[in-house]
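If you want the building blocks of each chain, they are given just below.
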4 protein chains.
Amino acid sequence: MIRAGVVGASGLVGGELIRLLTPHPELELTFLGGSASAGRHIGELHPGLREPALTVRHVTEATTGRLDVVFLATPAPVSADLAALLADRIPAVIDLSGAFRIRTPELHDRWYPAVERRADLLRRFVYGAPELVGDQLADAALISLPGCHATAITLGLAPLALGLGLPLKKVLVDAKSGSSGSGLRLRTAALHPLRSGAITPYAPTGHRHAAEVTDFLRRTRPGSIESLSMSAYGVPSVRGLLASIYVFTDQVVGQRELQRAYVRFYKGHPFVRARRHTETRIPVPDPQAVLGSNFCDVTALADEDGGRVVVLAALDNLVKGAAGQAVQAANRRFGLPEETGLTMRPVMPA
Amino acid sequence: MIRAGVVGASGLVGGELIRLLTPHPELELTFLGGSASAGRHIGELHPGLREPALTVRHVTEATTGRLDVVFLATPAPVSADLAALLADRIPAVIDLSGAFRIRTPELHDRWYPAVERRADLLRRFVYGAPELVGDQLADAALISLPGCHATAITLGLAPLALGLGLPLKKVLVDAKSGSSGSGLRLRTAALHPLRSGAITPYAPTGHRHAAEVTDFLRRTRPGSIESLSMSAYGVPSVRGLLASIYVFTDQVVGQRELQRAYVRFYKGHPFVRARRHTETRIPVPDPQAVLGSNFCDVTALADEDGGRVVVLAALDNLVKGAAGQAVQAANRRFGLPEETGLTMRPVMPA
Amino acid sequence: MIRAGVVGASGLVGGELIRLLTPHPELELTFLGGSASAGRHIGELHPGLREPALTVRHVTEATTGRLDVVFLATPAPVSADLAALLADRIPAVIDLSGAFRIRTPELHDRWYPAVERRADLLRRFVYGAPELVGDQLADAALISLPGCHATAITLGLAPLALGLGLPLKKVLVDAKSGSSGSGLRLRTAALHPLRSGAITPYAPTGHRHAAEVTDFLRRTRPGSIESLSMSAYGVPSVRGLLASIYVFTDQVVGQRELQRAYVRFYKGHPFVRARRHTETRIPVPDPQAVLGSNFCDVTALADEDGGRVVVLAALDNLVKGAAGQAVQAANRRFGLPEETGLTMRPVMPA
Amino acid sequence: MIRAGVVGASGLVGGELIRLLTPHPELELTFLGGSASAGRHIGELHPGLREPALTVRHVTEATTGRLDVVFLATPAPVSADLAALLADRIPAVIDLSGAFRIRTPELHDRWYPAVERRADLLRRFVYGAPELVGDQLADAALISLPGCHATAITLGLAPLALGLGLPLKKVLVDAKSGSSGSGLRLRTAALHPLRSGAITPYAPTGHRHAAEVTDFLRRTRPGSIESLSMSAYGVPSVRGLLASIYVFTDQVVGQRELQRAYVRFYKGHPFVRARRHTETRIPVPDPQAVLGSNFCDVTALADEDGGRVVVLAALDNLVKGAAGQAVQAANRRFGLPEETGLTMRPVMPA
């Protein structure tokens, strides 16, 4: 068994990692780390979980010494410090925060001003998008997981930008997500009475995941995308996000060609479900159809009237957008079959 | 116009009072009081409200001097102090907290240990249940509004206990309510992700509204009720509560007689809607059918198999369970028609 | 009193008209019309409503003969027939369907193929957007109410297109709405278990309200808008919609100028609440902050990074998007103060 | 591999069986049966599922000939017919309907009047409550799964009635459940707008699961329960139910003794989580803490004031209340470890 630890055990992403690792047949959860929650038992933090019988401990060289892999589900500034501490001591560090996602210095500093940029460390991180980085994850020592919105947007755009090689001139993203995306921070607006009926423009004129996407696409294929503007909204669900991606291109692509491109691009990638063009009666992506699973459903629709391609990408922000993709990356890192411990199907309806 | 003030303007009940008073044709909202929120404009506290153009002020003799009526939507200990300050200075003080609801000293001290019992003041308060206290509200100087659950339970039991004069031996209440009943206090369990899917036994073995109900019924008609046990649950709605009241009696009462008794008891009381027995297709009470309105829907069902009467009472906890009933009491206090400013119909669906 | 009738009484919009008309001080609801629901009492159709004590009747010349105004809350093809029947017989016919919204013949025929175009009748209809049509509503005999999305989008664009006279080159609308927008038609996807967690792209590549908006704007000011593409989504709330309107212009407009333009444009129009630029702490539009009321909250945000203006417009689809706007139009039609019967404030939280 | 079939594939329980069987390591889903949905592909019926690549077929001797086990997720009358057809032809028939749950003839006929009672077949069925029937499931040919409410209530009462041997004089159950309990039948009241805010007394004076519970308990231990009355409510969640079980006994049992009795009774039964009395900070049962999992959380609370024991039992009605318990029973039937394919942890929050 590969010994795994989760730091940030009291948060929603931490809880989701515990949910997925507990029954995982090859990764054994042997350590829970945290600071404010140190000393507390798992069942106090996550009422649905009672095992493994672990108590949260402070992260030190001593407490983490015997781990093979550690997942950091911590705020970006904490992740930055912990990655510096644990790199080279633990075979694999997988960071789920934004601390090491953006490589371009000025973009990093603009969107993560509270995270000191450590150029040397940053350079060593692999961007943990399993479907898009080839075999870079095999034996990677440091892995930075994409953001939840960034995962959906990048998986939505990749078949166009990296598959068809279509230069994307103007991309507009309207992202809709449930309340779990904001974690458990105490704020009045996050209380149930006020959040229940809300359709809230929480980032109407920009979001750092937009910078992450363009940074990754341009790094992977220079010139692949010109501009991407994003607006983000909270809607009254708990889990799941839908990225509506409106792509304006000079080149017309028909519906049949689009669907073929998407199916071809994700062939062999079981967690991205692109609709085949014959499956006319399978609905367009909706996050409820992936809830609790590691799937990302992606569809591209030609809107010739509007002179645009409408790409829809849906995923569970806590699974494919965080903990599930982290386990998927760990599986790849340790040479396990990619689906190990991730075979659960969507819990629908929920 | 009668000049009205609301203290505790930043809370949910305070906001609801503002909502109802703003278009009220006879009561003019001229003062908002509070401490932590002092200096803030109404629109910052309640995003749906922009008027009247008032800013929250500290409650002092000076700031409240010109008011005809003040509504206290404050925590019980604060209400106790404010009532002492304002009694005899302002013609009418209407307290929406629990500070002055229970008269029996030992019950008061058990359920409101943080509220100093002021026997002299307590004695002067009228229990503000407009349908149940006859003309006591006319010219009352001090009015204590019933609790939200207590309103539903008392309105549900009164036709049996006070109308038919049936001695109630054993009553069991299972109360179900939405998240607005807990107000806006910051707690992790009240955050949207954790509260959304919950059916939470928040008071499984007792609730102070049970003591309030027995206290009132016994005061009104000695011997009318022997025991009442209560369990309270949060369900995933925002507004509204349903009290399921299971009454075990020695005396069998048939369905037809029950319905007649309820309709008769509430004749002339427009805000309590008891189903006539001919209206077979009108559904049993459900809080969504009273949302936003001052109605309380009540039905009694004979369950001869179970040897019990099942009474169902539904109301909007912020309206008939708080702000609406307070305005209704104020109308009665000032000799206005009872429905003044309260003619809004249920917002359904919502 | 002005005698009013509602046809289509069993639907959600019909129920909302009853909710608003029952306590209206000048319009008296004296007739409920319908076909499938004929003979049924109001309380059977809408569990929250018990009055007025009317039973649904078939619409004929005889049954509607004494009405001053009739509201048609019927499907577009039914409205088309009823308008033909009732025009010239009843002083005012207010149609809430799409039958008479689009004037350009080819657009009408494309988006309403099931509605026979009656050019003569169509020509006589006034487009019932009270804030945008000046005094056309005074004494209008035939009024066609805008669609719910169209209301939000048009109110959101008007200060730019009609106020500032900014030529709108490319407009992209991403509309998010609750389930009440789809009415009560029985469909599996509309059942609670399947709709509860959904973020559903129900019209990802186009919506007829887009045609309605461009038709109206071009008719009102030729050349004001070049293209508008729209995608529509269902989110897991019941009431309310938010239109996210992304406007790409050649001309840069600063934030301060934008806000001034919006406040100026809606001066004197109490139902459109444009944020003043000093009210920095009042949140951007969210439909929960207008629930149950006739308000439309509108804000424009300059996004210079994205080279766009982000306009957000929120309203309650059943009130300002349907029944409330219809009553507002009726008030204007009969020379009543615009707010008569519409003074209710938002029910928040709900 | 053991070849499994699911009949009633288009319903919610059918979909849940597919969800659980697809990744099951020992049971291979090789057949989907249905009538109205015959010919349809799995992805059309359940948007979250795309595999296995099966199409629904009519149930005949030929189509089901090679199965080792068939799960009937069909209405009770259909199950009755199919069980008669398939018994003795297929090694194991597991019926999830109510057709074979009640043994006492008069109770069966009263609560399942539409299901012809086949005494010979009924006698051969094992009641599929894995924690309560010892080794009766090993090699059982015919298994009748308990109802969802009945599972919660029986698991809640068993430690008292069968463990402590406490005679239960009067038991009152107030059951609260989400909308998925009603399946996908098209009804206006089940539409999202009308069901979203509802707290609906759908069976206020009785429910057939009450008869099922007393029938089972008396059969297992004569005299164990005198009377059980039940009221059932729909609340605005999708999955999950909470049974509030109020037990009035003559004998006082203290809190410590209660908890010990529950923990002891369920020792060795991994799917029933009874709270240990030292775990004071683990919350009382709430269905959200078991969502998507096969757990049933049970707690008993002594309420000496109320002269009662309050037992709370929470489960996911589609998992432990249906498909999960069915797979658990199949595991036991075929000698597999009980947890095979059921190791998923609760999806919380969702």
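Definitions and cut-offs
- Residues numbered from 1 in each chain as written.
- Chains lettered and ligands numbered in written order.
- Predicted model: local features only at pLDDT ≥ 70, side-chain atom pairs only at ≥ 80, totals over all residues.
- Heavy atoms only, no water.
- Helix = DSSP H or I, 4+ residues; strand = E, 2+ residues; numbered from the N terminus.
- Rg over C-alpha atoms; globule rule 2.2 N^0.38 Å.
- Buried < 20%, exposed > 50% of the residue type's maximum accessible area, 1.4 Å probe, protein only.
- Contact = heavy atoms within 4.5 Å.
- Areas by Shrake-Rupley, 256 points an atom, 1.4 Å probe, with all protein chains shown as cover.
- Lys, Arg positive; Asp, Glu negative; His and termini not counted.
- Charge placed at Lys NZ, Arg CZ, Asp CG, Glu CD.
- Buried area = accessible area lost by both parts, 1.4 Å probe.
- Salt bridge = Lys/Arg side-chain N within 4 Å of Asp/Glu carboxyl O.
- Pairing = 2+ DSSP bridges.
- Axes fitted to C-alpha atoms, helices over the stretch in contact; angles between N-to-C directions.
- Phe/Tyr/Trp six-rings, centres within 6.5 Å; stacked < 30°, edge-to-face > 60°.
- Lys NZ or Arg CZ within 6 Å of the ring centre and 35° of its normal.
- Core = buried A, V, L, I, M, F, W, Y, C linked by side-chain atoms within 4.5 Å.
- Least-squares fit on C-alpha atoms with pLDDT ≥ 70 in both.
- pLDDT = per-residue confidence, 0-100.
- Nonpolar A, V, L, I, M, F, W, Y, C, P; charged D, E, K, R; others polar.

## Section: the overall build of chain A
Regarding its fold elements, chain A presents ten helices and 13 strands. For a compact globule of 350 residues, the expected C-alpha radius of gyration is about 20 Å, and chain A comes in at 20 Å, within 12% of that figure. The buried share among the 350 residues of chain A stands at 66%. A fraction of 72% describes how many contacts in chain A between residues 6 or more apart in sequence connect residues 24 or more apart. On chain A, roughly 11,500 Å² of surface is accessible, and the fraction owed to carbon and sulfur atoms is 49%. Positive and negative charge centroids in chain A, built from 38 and 32 side chains respectively, lie 2 Å apart.

## So, the interface of chain B and chain C
Facing 30 residues of chain B, the contacting portion of chain C comprises 30 residues. Between chain B and chain C, the buried area comes to about 3,000 Å², and carbon and sulfur atoms account for 62% of it. Three residues stand out in chain B for area buried against chain C, namely Arg50, Arg345 and Pro349 of chain B, and they jointly supply 22% of the buried area on that side. Where Glu51 of chain B meets Arg345 of chain C, a salt bridge forms, and the shortest distance between an N and an O atom there is 2.7 Å.

## Some words on the sheet that holds strand β13 (residues 308–315) of chain D
All names here are of chain D. Read across the open sheet, the seven strands follow the order β8-β9-β7-β10-β13-β12-β11; overall the sheet is mixed. Of all the strands in the sheet, the pair left with one neighbour each is β8 (200–203) and β11 (272–274). Taken pair by pair, the neighbouring strands of this sheet meet at an average axis angle of 25°, ignoring direction. Two strands pair when backbone bridges link them, and strand β12 (residues 296–303) and β13 are joined in this way by eight bridges, in the antiparallel orientation.

## Thoughts on the packing of aromatic side chains
How two aromatic rings sit relative to each other is given by the distance of their centres and the angle of their planes. All chains considered together, the criterion is met by 16 aromatic pairs over all chains. The ring of Phe334 of chain C carries the charged tip of Arg333 of chain C above its face, separated from the ring centre by 4.5 Å.

## A few points about the nonpolar core
Residue and element names in this part refer to chain C. Grouped together as the largest cluster of nonpolar side chains are 86 residues, with contacts concentrated most on Phe71, Leu157 and Leu228. Here the element with the most residues in this core is helix α6 (residues 148–164); it accounts for ten residues. Excluding residues that lie within four positions of it along the chain, Leu157 makes contacts with Leu162, Leu168, Val171, Val213, Leu217, Ile225, Leu228, Ile245 and Val247.

## Quick word on unusual backbone geometry
In the segment running from Met348 of chain C into Pro349 of chain C, the intervening peptide bond is cis, with an omega of 0°. Locating Pro349 of chain C in the fold gives a position in the segment after α10 (319–333). With an omega of -5°, the peptide bond running from Glu51 of chain D to Pro52 of chain D counts as cis. Looking at where Pro52 of chain D falls in the secondary structure, it is placed in the loop between α2 (42–45) and β3 (69–72). The phi angle at Asp139 of chain A is positive, at roughly 65°, despite the residue not being glycine. On the secondary structure map, Asp139 of chain A appears in the loop between β5 (126–127) and β6 (142–144). In this structure Asp139 of chain A comes out as exposed when scored by relative accessible area, which is 62%.

## Concerning the relation of the copies chain B and chain C
In the superposition of chain B on chain C (RMSD 0.0 Å, axial shift 0.0 Å), the rotation amounts to 180°. What the rotation and shift describe, once combined, is the action of a two-fold rotation axis. Closest to the rotation axis within chain B is the C-alpha of Ala350 of chain B, separated from it by 3.5 Å. Counting the interface residues of chain B, we find that 100% of their copies in chain C are interface residues as well, pointing to one common contact surface.

## Re the environment of Glu116 of chain D
The residue Glu116 of chain D is located in the loop between α4 (105–111) and α5 (119–124) in this model. The sequence separation of Glu116 of chain D and Ala80 of chain D amounts to 36 residues, and the corresponding C-alpha distance is 7.6 Å.

## Some remarks on the confidence of the model for chain A
Averaged over all residues, the pLDDT of chain A is 95; the fraction at 70 or higher stands at 98%. Here the predicted complex scores 0.97 on pTM and 0.96 on ipTM.

## What to know about the interface of chain A and chain C
The interface of chain A with chain C comprises 42 residues on the first partner and 42 residues on the second. Roughly 3,300 Å² is buried in total at the junction of chain A and chain C, and carbon and sulfur atoms are behind 62% of that figure. When the buried surface of chain A facing chain C is broken down by residue, Leu172, Ile199 and Thr205 of chain A rank first, second and third, together holding 17% of it. On the surface where chain A and chain C come into contact, there are two salt bridges. Secondary-structure elements contributing two or more residues to the side of chain A that touches chain C are β7 (168–177), α7 (192–195), β8 (200–203), β9 (225–234), β10 (241–248), β12 (296–303) and β13 (308–315) of chain A. Of the residues that constitute the side of chain A that touches chain C, the class distribution is 23 nonpolar, eleven polar and eight charged.

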